[in-house]
Amino acid sequence: MTATQEKALAQGAVAVDAPPLEIHDMTVAYQRRPVLWDIDLQLPEGRLIAIIGPNGAGKSTLIKAALGLVPRASGRVEVYGRPIEKQLSLIGYVPQRESVDWDFPVSVLDVVMMGRYGRLGWFRRPGREDREAAMDCLRKVALQDFAGRQISQLSGGQQQRVFLARALAQEARLYFMDEPFAGVDAATEQAILAILQELRSHGRTVVVVHHSLQTVREYFDHVVLLNMRVVAHGPIEEVFTEENLRNTYGGRLPLLEQAADAVQRRSV
Amino acid sequence: MSGPAPWLAVLALATLQAVLFALVGADRLLGWVQAACASAGLPYNTVMVLAGSGLLGICSAVIGSYAVLRRRSLFGDAVAHAALPGIALAYLIARERHFFSLLMGALISGVLGAMVITWLRQSTRTRQDAAIGLVLSVFFGLGIVLTSAVQRDPSGAHAGLEGFLLGKTAGLISQDLLLIAVTSANILLLVWLFQKEFLLLSFDPGFAAVQRWPVPALDILMMTLLVAATVIGLPAVGVVLMAAMLIIPGVAARFWTDRLAALLPLSGVIGLGSAIAGTYVSSIREGMPTGPVIVLAAAAVCLFSMFAAPRRGIAAGVLRRLRMQERVARQNLLRSLYELVEEAPDSAVTAEDVAGKRSWGVADALKLLRRAEARGEVRRTTDGRWTLTDLGLQRALDVVRAHRLWELYLVEQASIAADHVDRDADELEHILPPEMLHQLEDRLKQKGRWPEDRVPASVHPLEGVAGEGR
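Attention in this report is confined to the structure presented alongside it. Every residue gets a number counted from 1 within its own chain, in the order that chain's sequence is written. Naming scheme: in the order in which they are written, chains are lettered from A and ligands are numbered from 1. Only residues with pLDDT of 70 or above have their local features reported here, since the model is predicted, and side-chain atom pairs are shown and tallied only from 80 upward, although totals for entire chains, interfaces and linings are computed over all residues. Hydrogens are left out, water is left out, and the side-chain values use all remaining heavy atoms of the structure.

## Quick word on the packing of helix 5 (residues 99-124) of chain B against helix 6 (residues 128-151) of chain B
How two helices pack is summed up by the angle between their axes together with the distance between the axes. Residues and elements named next belong to chain B. Where helix 5 contacts helix 6, the two axes come as close as 9 Å, and the packing angle between them is 145°. Judged by the twist between their axes, the crossing of helix 5 over helix 6 is right-handed. Contact residues: Ser 109, Leu 112, Gly 113, Val 116, Ile 117, Leu 120 and Arg 121 in helix 5; Gln 128, Ala 131, Ile 132, Leu 134, Val 135 and Phe 139 in helix 6. Tallied by class, residues from the contact of helix 5 with helix 6 come to nine nonpolar, three polar and one charged. Fitted lines through C-alpha atoms give the axes, limited to the stretch in contact for helices. The angle between two N-to-C directions lies from 0 to 180 degrees. Numbering of helices and strands runs from the N terminus; a helix is a DSSP stretch of H or I covering at least four residues, while a strand is a stretch of E covering at least two. In this scheme, a crossing is called left-handed if the near helix is turned counterclockwise away from the far one by less than a right angle; it is called right-handed if the turn is clockwise. Contacts are assigned to residue pairs with any non-hydrogen atoms lying within 4.5 Å of each other. Note on residue classes: Ala, Val, Leu, Ile, Met, Phe, Trp, Tyr, Cys and Pro are nonpolar, Asp, Glu, Lys and Arg are charged, and everything else, Gly too, is polar.

This is the structure in structure tokens:
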């Protein structure tokens, strides 16, 4: 394989008509206890998509398992028609804020620069061009004045925006964001929403784990209602109904719970 | 980011060195060093000891810093202790003190210990700290038993084996030191090469995986370097104290800097300094083991850093608290003065009035008033009373505004009873940032609750105000 071919492959390919994300029959287990059952999903391009559901419904797990950060017990995940593992260069990721140590000795700009590491490849150090690209992303989240600060000196909302800027620096087509609105003040929430809308206007697809039912209708186009299984998914106006919400939030299916218990007991 | 490219680079580096070494040979290499020392007028043996232990000090400090940042400090400790049975077994098999075999034995049993920790954690749900403690003590116990068996060996060729317990640079010959120096240099080279990758791995492995970095492979590489640094450190520092070489420099360096790019060299320098101090002291004092001296030297630096570092140090913290107390007292004085004369801004008050308002002693109130006088915030009237100057009034207005804005907000927006808010506001007014004051103003303006004059009236009756006191 020539270098250019290899590069083209590494950049990821977009098949015509293939959806940005397609999950087939995915089941996920933590310590052998199933937490997601038979997930089937097909998400449309260029939309803001919310994943909602009660605590412990497996919202974060859905994202992590799709990305391969949590092992899948079964099923496959495709991005633009190819296995997600081959398409990671098309993906931007905002993990939960609590997932990292904010006392780590790095500056705000260092963290945003990490978004560029993927295109830098092995051993190459970020150059001036990368620095400028990272600063642009910081400007988009209005943190340019904080570039040199150590990350522990930021408020929760600012930390969330740093993660968002890092994801923007990835220049992805499909974004996964794990609770980007968690613990942020109203002004930050609006700033983040504006960035999501801008991504959509550029045809990007954004999948967001969301925890506030009040804002779903206002912020998103599409919704996935999740409670260990997909209760419903589709455009907001079709599936964000009272009945579906009741089915999602009205307790787990007792049978699924019992089955999960049984699986765990048998295998320990 | 997948593919063999980086691993081939590492392999090529190793092969190149192996070929060079095979061509030159250790003796000729050492001969060159000896010649160079002779021509420069340096004592060859001292140069070798310092180079070996110094490089070791740098490399264990640098790779150890990553372990500290990743909260894996005790991992190196477990590996070091787990190495002891390997050393004893290697001796029992080889029946002589062959340095390289001893280190290989240490490496194998150290890695085995690390694997047992991982296995315990993943397969038996034993927690990490328990698994580390378990492996550390059991392997160490086994090591001590085996070492005593070796000591009873009548051939008497076991001299130097006890050096592995507490470390002894004096027992090392040039060939040993060469091995230590070359391995240390290689570890440092690899850390430098994988700088960006190790940063990402340490800070956010999940993000790294989404970016297609081979996280498990990088993790194994970093752990391998940690184990390698630990093993080559054993003869000089000893299994008991090796962990300190990995942990202390990184902890000390963290006090001085917020950037990994500065933390790694700084911790390297601390490691270098302690290693050389330990080596030197143990060489001039007969029977003094190296390890404890190195550890004490590093600990001294760490203690100093803990105390004296700007921002993160203890002294800086105490200073900050004192300044804050000073500021709070000053602002409380200004607000009390303002509230005492609010009705008639030109009137003057006595120190007793002020003391009565804040439940301060009169002497304290007088002291604060004198300090305020020195700052030009108050002045004494002809009859010995105190009154705010223009500057003082200006500053008092700012403080009162912050206090009352917050009170107003608590009462109006947070529905807290008016007689409760004074104390809350009393603590917060000193730390509210200006942006937040503007936000408070905006909110109150939106609700039509913003008074036209600059200072809103108090939401609760003020104690000891105007009139009776005078």
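Here the narrative resumes.
## Notes on the pairing of strand 7 (residues 174-178) of chain A
All names here are of chain A. The rule is simple: take the accessible area with a 1.4 Å probe, protein chains only, and divide by the maximum for that residue type; under 20% is buried, over 50% is exposed, in between is partly exposed. In terms of burial, strand 7 is largely enclosed, as five of its five residues are buried. Here strand 7 shows no split at all, with Leu 174, Phe 176 and Asp 178 on one side and Tyr 175 and Met 177 on the other all buried. Strands are treated as partners if at least two bridges between them are detected by DSSP. In the sheet, strand 7 pairs with strand 8 (residues 205-209) via five bridges, with the strands oriented parallel. Across the sheet, Tyr 175 pairs through a bridge with Val 206, a residue of strand 8. For the crossover from strand 7 across helix 6 (residues 186-201) to strand 8, the handedness is right-handed. Handedness of a crossover: with both strands directed away from the viewer, a clockwise path from the first strand across the helix to the second marks it as right-handed.

## Description of the interface of chain A and chain B
Many analyses report the size of an interface as the accessible area lost when the parts associate. Each side of the interface is counted separately: chain A has 38 residues, and chain B has 34 residues. Interface of chain A and chain B: buried area, both sides summed, is about 3,200 Å²; carbon and sulfur atoms make up 64% of it. Linking Asp 110 of chain A and Arg 259 of chain B is a salt bridge whose minimum nitrogen-to-oxygen distance equals 3.1 Å. In protein, a polar contact means a hydrogen-donor-capable atom and an acceptor-capable atom, both N or O and within 3.5 Å, with residues adjacent in sequence counting only if both atoms are side-chain atoms; elsewhere, any N or O pair within 3.5 Å suffices. Summed over the shared surface of chain A and chain B, the number is 14 residue pairs in polar contact (both at pLDDT 80 or more). Buried area adds together the accessible area that both of two parts lose upon being put together, with accessible area traced by a 1.4 Å probe. Salt bridge, as used here, is a side-chain nitrogen of Lys or Arg placed within 4 Å of a carboxyl oxygen of Asp or Glu.

## Brief notes about the packing of aromatic side chains
Centre distance within 6.5 Å is the pairing criterion for rings of Phe, Tyr and Trp, where only the six-membered ring of Trp is used; planes under 30 degrees apart are then read as stacked, over 60 as edge-to-face, and the remainder as tilted. As enumerated under the stated definition, the model contains 14 aromatic pairs over all chains in all. Plain terms: the ring middles of Phe 181 of chain A and Tyr 219 of chain A are 5.4 Å apart, the flat faces sit at 45° to each other, and that makes the pair tilted. Of the two residues, Phe 181 of chain A is situated in the loop between strand 7 and helix 6 and Tyr 219 of chain A in helix 7 (residues 213-219); the sequence distance between them amounts to 38 residues. Aromatic ring contacts, followed pair by pair, group Trp 122 and Phe 123 of chain A together with Trp 7, Tyr 66, Phe 194, Phe 198 and Trp 213 of chain B into a single cluster. Whether a charge sits over a ring comes down to the Lys NZ or Arg CZ being within 6 Å of the ring centre and within 35 degrees of the ring normal. The lysine or arginine in question, Arg 125 of chain A, covers the ring of Trp 192 of chain B, its NZ or CZ lying 5.0 Å from the ring centre. Positioned above the aromatic ring of Phe 207 of chain B, the side-chain terminus of Arg 166 of chain A is 3.6 Å from the ring centre.

## Remarks on the sheet that holds strand 9 (residues 222-226) of chain A
All names here are of chain A. Strand order in the open sheet made by the six strands is 6-7-8-3-9-10, with mixed pairing throughout. For this open sheet the edge positions go to strand 6 (91-94) and strand 10 (230-235), each flanked by a neighbour on one side alone. Going from strand to strand, the sheet's axes swing by 15° on average, the running direction of each strand aside. As paired strands, strand 9 and strand 10 are joined by five bridges and run antiparallel to one another. Within strand 10, the position partnered with Leu 225 by the bridge is Ala 232.

## Details of the environment of Leu 334 of chain B
Residue and element names in this part refer to chain B. Topologically, Leu 334 is positioned in helix 15 (residues 314-341). Given the relative accessible area of 1%, Leu 334 is considered buried. Taking the C-alpha atoms as reference points, Leu 334 and Leu 13, 321 residues apart in sequence, are found 70 Å from one another.

## Some remarks on helix 5 (residues 156-169) of chain A
Over its 14 residues, helix 5 of chain A extends 20 Å from the first C-alpha to the last, a length consistent with the 20 Å expected when each residue adds 1.5 Å. Within helix 5 of chain A, 13 of the 14 residues are buried, which leaves it mostly tucked inside the rest of the structure. How far a helix is expected to stretch is found by multiplying one less than its residue total by 1.5 Å.

## Some details on the environment of Arg 375 of chain B
Residues and elements named next belong to chain B. Within the secondary structure, Arg 375 is located in the loop between helix 17 (362-374) and strand 1 (378-380). Measuring from C-alpha to C-alpha, the distance between Arg 375 and Gly 392 comes to 8.9 Å, with 17 residues separating the pair along the chain. Contact partners of Arg 375, with chain neighbours within four places excluded, come to Glu 326, Arg 330 and Leu 391.

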